[in-house]
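Structural overview
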Amino acid sequence: AQSVAQPEDQVNVAEGNPLTVKCTYSVSGNPYLFWYVQYPNRGLQFLLKYITGDNLVKGSYGFEAEFNKSQTSFHLKKPSALVSDSALYFCAVKTEGGATNKLIFGTGTLLAVQP
Amino acid sequence: DAGVIQSPRHEVTEMGQEVTLRCKPISGHNSLFWYRQTMMRGLELLIYFNNNVPIDDSGMPEDRFSAKMPNASFSTLKIQPSEPRDSAVYFCASREYGYTFGSGTRLTVV
């Protein structure tokens, strides 16, 4: 069964510093990997996805993520954090093809950026 | 496009009452998903539809939960009877090539 793990419940970073939000996955087959962000009292917003190709994926708001097949990881990164980046971040995985069309989410990581 | 529209935004009901949550997907999206979000369990997929047909309802917690998609532009998630442990935020999402989520319905069962 496919699964996603986000080992950190919360990440704290100072504004202007680089940030990393970790994600590891477990699937059979080729993974489709996603990052979503959730602001308070809002739905999930798409940030970026990896399907195939370049392992470094660039997304919205200056975020990027690196797909590492050997480590089964898809960590979210940003070179310089903003206070407005503070939100709940979800990693998700879907397997390629088949009848399964489900997006399975991790438990979420709360990012807190201090001014 | 107005995106995925969910109603109501907030619902407070008494235990034992029937609750119906509504979702209007983005026009042209052929898949629709219902998720539940709680602090304890995070985001759980309840059920999803392809072309209005339920494909996987293995995430539906109990027979008290049911979902329908009578046409491509409307879906409902019904809980009957509701219980306090059903309190959560329920999200609907639709998909063509990417997933788009609605703003959610915050359900409180007292």
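This text follows the structure it describes.
Residues numbered from 1 in each chain as written. Chains lettered and ligands numbered in written order. Predicted model: local features only at pLDDT ≥ 70, side-chain atom pairs only at ≥ 80, totals over all residues. Heavy atoms only, no water.

**Quick word on the overall build of chain A**
Spelled out, the test is: The helix and strand labels rest on DSSP assignments: H or I over at least four residues marks a helix, E over at least two residues marks a strand, and numbering proceeds from the N terminus. All radius of gyration figures rest on C-alpha atoms, and the globule criterion is 2.2 Å times the number of residues raised to 0.38. Whether a residue is buried, partly exposed or exposed follows from its accessible area with a 1.4 Å probe, protein chains only, as a fraction of its type maximum: under 20%, in between, or over 50%, in that order. Per-residue accessibility takes into account occlusion by the displayed protein chains alone, with areas from the Shrake-Rupley method and a 1.4 Å probe. As used throughout, the charge tally considers Lys and Arg to be positive and Asp and Glu to be negative, leaving His and the chain termini uncounted. In this description, the location of a charge corresponds to atom NZ of lysine, CZ of arginine, CG of aspartate or CD of glutamate.
A tally of regular secondary structure across chain A gives zero helices and 12 strands. Along chain A, helices and strands appear, N-terminal first, in the series β-β-β-β-β-β-β-β-β-β-β-β. For chain A, the C-alpha radius of gyration of 14 Å lies close to 13 Å, the compact-globule estimate for 115 residues. Reported as C-alpha extents along the three principal axes, the dimensions of chain A are approximately 45 × 30 × 20 Å. Residues counted as buried form 45% of the 115 residues belonging to chain A. Per element, the accessible surface of chain A, about 5500 Å² overall, is 50% carbon and sulfur. Across chain A, the centroid of the 9 positively charged side chains sits 7 Å from that of the 8 negatively charged ones.

**Looking at the state of the cysteines**
Residues and elements named next belong to chain A. Definition in use: The criterion for a disulfide is a pair of cysteine sulfur atoms lying within 2.5 Å.
Using the criterion set out here, one finds two disulfides over all chains in the structure. One disulfide bridge connects Cys-23 with Cys-91, the sulfur atoms lying 2.0 Å from each other. Torsion about the S-S bond of the Cys-23 and Cys-91 cystine: about -65°, corresponding to left-handed handedness. Taken together, the positions of Cys-23 in the loop between β3 (19-21) and β4 (24-26) and Cys-91 in strand β10 (residues 87-95) put the pair 68 residues apart, joining distant regions of the chain. Accessibility classification places Cys-23 together with Cys-91 in one group, the buried group.

**Topic: the sheet that holds strand β8 (residues 74-79) of chain B**
Strand pairing within a sheet occurs via backbone hydrogen bonds; the two strands may be parallel or antiparallel. All names here are of chain B. For the record, the criterion: Each pair of strands is called paired provided DSSP finds at least two bridges between the two strands. To obtain an axis, a line is fitted to C-alpha atoms, over the contacting stretch when the element is a helix, and the angle between two such axes runs from 0 to 180 degrees between their N-to-C directions.
One open sheet holds the four strands; their spatial order is β1-β3-β8-β7, and the pairing between them is antiparallel. Both outer strands of the open sheet, β1 (5-7) and β7 (65-71), are each paired with one neighbouring strand and no more. Sheet twist, expressed as the mean angle between neighbouring strand axes with direction ignored, is 15°.

**Some thoughts on the packing of aromatic side chains**
Cut-off, in case you're wondering: For this analysis, a ring pair means two rings from Phe, Tyr or Trp (six-membered ring only for Trp) whose centres lie within 6.5 Å, classed as stacked if their planes differ by under 30 degrees, edge-to-face if by over 60, and tilted for the remaining angles.
Throughout the structure, instances matching the rule amount to 16 aromatic pairs over all chains. Look at Phe-105 of chain A and Phe-101 of chain B: their rings are 5.8 Å apart centre to centre, the planes differ by 75°, and that puts the pair in the edge-to-face class. You can see Phe-105 of chain A sitting in strand β11 (residues 104-105) and its partner Phe-101 of chain B sitting in strand β10 (residues 99-101), one on each of two chains. In this pair, the class of Phe-105 of chain A matches that of Phe-101 of chain B, namely buried.

**Details of the interface of chain A and chain B**
Definition in use: Here a residue-residue contact requires only that any non-hydrogen atoms of the pair lie within 4.5 Å. Here the quantity called buried area is the accessible surface, traced with a 1.4 Å probe, that two parts lose on coming together, added over both. By the criterion applied in these results, polar contacts are pairs of N or O atoms within 3.5 Å in which, for protein atoms, one can donate a hydrogen and the other can accept it, and in which residues neighboring in sequence qualify only through two side-chain atoms. Under the convention adopted here, Pro, Cys and the residues Ala, Val, Leu, Ile, Met, Phe, Trp and Tyr are nonpolar, Asp, Glu, Lys and Arg are charged, and Gly plus all remaining residues are polar.
Across the boundary between the two partners, chain A contributes 17 residues, which contact 20 residues of chain B. Interface area, chain A with chain B, both sides summed: about 1400 Å², of which 50% is carbon and sulfur. Viewed at the interface, chain B and chain A are joined by three residue pairs in polar contact (both at pLDDT 80 or more). Elements represented by at least two residues in the side of chain A that touches chain B include exactly β5 (31-38), β6 (44-50) and β10 of chain A. Counted by class, the side of chain A that touches chain B contains eight nonpolar, five polar and four charged residues.

**Concerning unusual backbone geometry**
All names here are of chain B. Residue Pro-8 is bonded to the preceding Ser-7 through a cis peptide linkage, with omega at -10°. Secondary-structure assignment places Pro-8 in the loop between β1 and β2 (10-13). Cis geometry is adopted by the peptide bond preceding Pro-81, which originates at Gln-80 and carries an omega value of -5°. With respect to the helices, strands and loops of the structure, Pro-81 is situated in the loop between β8 and β9 (88-95).

**Examining the pairing of β5 of chain A**
All names here are of chain A. In terms of burial, β5 is a largely internal element, eight of the eight residues being buried. Side chains Pro-31, Leu-33, Trp-35 and Val-37 project from β5 onto one buried face, and the interleaved Tyr-32, Phe-34, Tyr-36 and Gln-38 project onto a second face that is buried too. As paired elements, β5 and β6 share six bridges and run antiparallel to each other. Among the inter-strand pairings, Phe-34 is bridged to a residue of β6, identified as Lys-49.

**What about the layout of surface pockets?**
Cut-off, in case you're wondering: Think of a 1 Å grid over just the protein atoms. A cavity is a set of points where a 1.4 Å probe fits yet cannot get out, a pocket is an open set with protein on both sides within 12 Å along at least five of seven lines, and lining residues have an atom within 4 Å of a point. Grid points are joined across faces, edges and corners, and a volume is the space filled by probe spheres set on the points.
Looking at the largest pocket, its volume works out to about 620 Å³. In this structure, the largest pocket is lined by 27 residues; those nearest its centre are Gln-38 and Leu-88 of chain A together with Gln-37, Thr-38 and Met-39 of chain B. Elements that contribute at least two residues to the lining of the largest pocket include exactly β10 of chain A together with β4 (31-38) and β9 of chain B. In the lining of the largest pocket, the residues fall into 11 nonpolar, 11 polar and five charged. Put simply, the second largest pocket is a space of about 190 Å³. Around the second largest pocket, the lining is made up of 16 residues, and of these Gly-43 of chain A together with Val-4, Phe-101, Gly-102 and Ser-103 of chain B lie nearest the centre. Broken down by secondary-structure element, the contributors of at least two residues to the lining of the second largest pocket are β6 of chain A together with β1 and β10 of chain B. Of the residues assigned to the lining of the second largest pocket, the class counts are seven nonpolar, seven polar and two charged.

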